[in-house]
Amino acid sequence: MTDDVILEQTRVVIEEIAERELPALNRATDIASLGLDSLQVLELVGTMERQLRVQIHDEQLAGMTTVGDFIRLLIPVVDVPSG
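Keep in mind that what you see is a predicted model, and the values were worked out from it rather than measured.

(A) Spotlight on unusual backbone geometry. Of note, the phi angle at E19 is positive, near 60 degrees, even though the residue is not glycine. As for its placement among the helices and strands, E19 is situated in the loop between helix 1 (3-18) and helix 2 (38-52). Positive phi is not limited to glycine here, since R53 has a value of about 55 degrees. Along the chain, the position of R53 falls in the loop between helix 2 and helix 3 (67-78). A relative accessible area of 78% means that R53 is categorised as exposed.

(B) Region of interest: the nonpolar core. Membership of the largest hydrophobic core comes to 26 residues, with the highest contact counts inside it found for M48, F70 and L74. Those elements giving two or more residues to this core turn out to be helix 1, helix 2 and helix 3. Those residues in contact with L74, other than ones at most four positions away along the chain, are I6, M48, L52, V54 and I56.

(C) Representation of the pattern of salt bridges within the structure. Per the counting criterion, the structure on display carries five salt bridges. Across the pair R27 and D3 runs a salt bridge whose closest N-O atoms are separated by 3.5 Å. Of this pair, R27 sits in the loop between helix 1 and helix 2 while D3 sits in helix 1, placing them 24 residues apart in sequence. Take D3: its relative accessible area is 7%, and that puts it in the buried class. Ionic pairing is found between R72 and D69, a salt bridge with its closest N-O pair at 2.5 Å. Taken together, the positions of R72 and D69, both in helix 3 and three residues apart, correspond to about one turn of that helix.

About the criteria used
Residues numbered from 1 in each chain as written. Predicted model: local features only at pLDDT ≥ 70, side-chain atom pairs only at ≥ 80, totals over all residues. Heavy atoms only, no water. Helix = DSSP H or I, 4+ residues; strand = E, 2+ residues; numbered from the N terminus. Buried < 20%, exposed > 50% of the residue type's maximum accessible area, 1.4 Å probe, protein only. Core = buried A, V, L, I, M, F, W, Y, C linked by side-chain atoms within 4.5 Å. Contact = heavy atoms within 4.5 Å. Salt bridge = Lys/Arg side-chain N within 4 Å of Asp/Glu carboxyl O.

Next up, the structure:
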């Protein structure tokens, strides 16, 4: 699984949570611009944790502002090659 696959999987989950299609999603996308409230962001984290069978500690989420920040939290846990 590559980080591009994780990006696409993240996009799908965000669209499900937001109940709308996203115009574009990339690593630089600001999470706040997606229109998710704090509970929806936690739902995103929980869903990705379940799908990837990983655990992200709450303190790791501090300072997470972009989709890329989120993916960087997942990559060391999932141990995927960049690409």
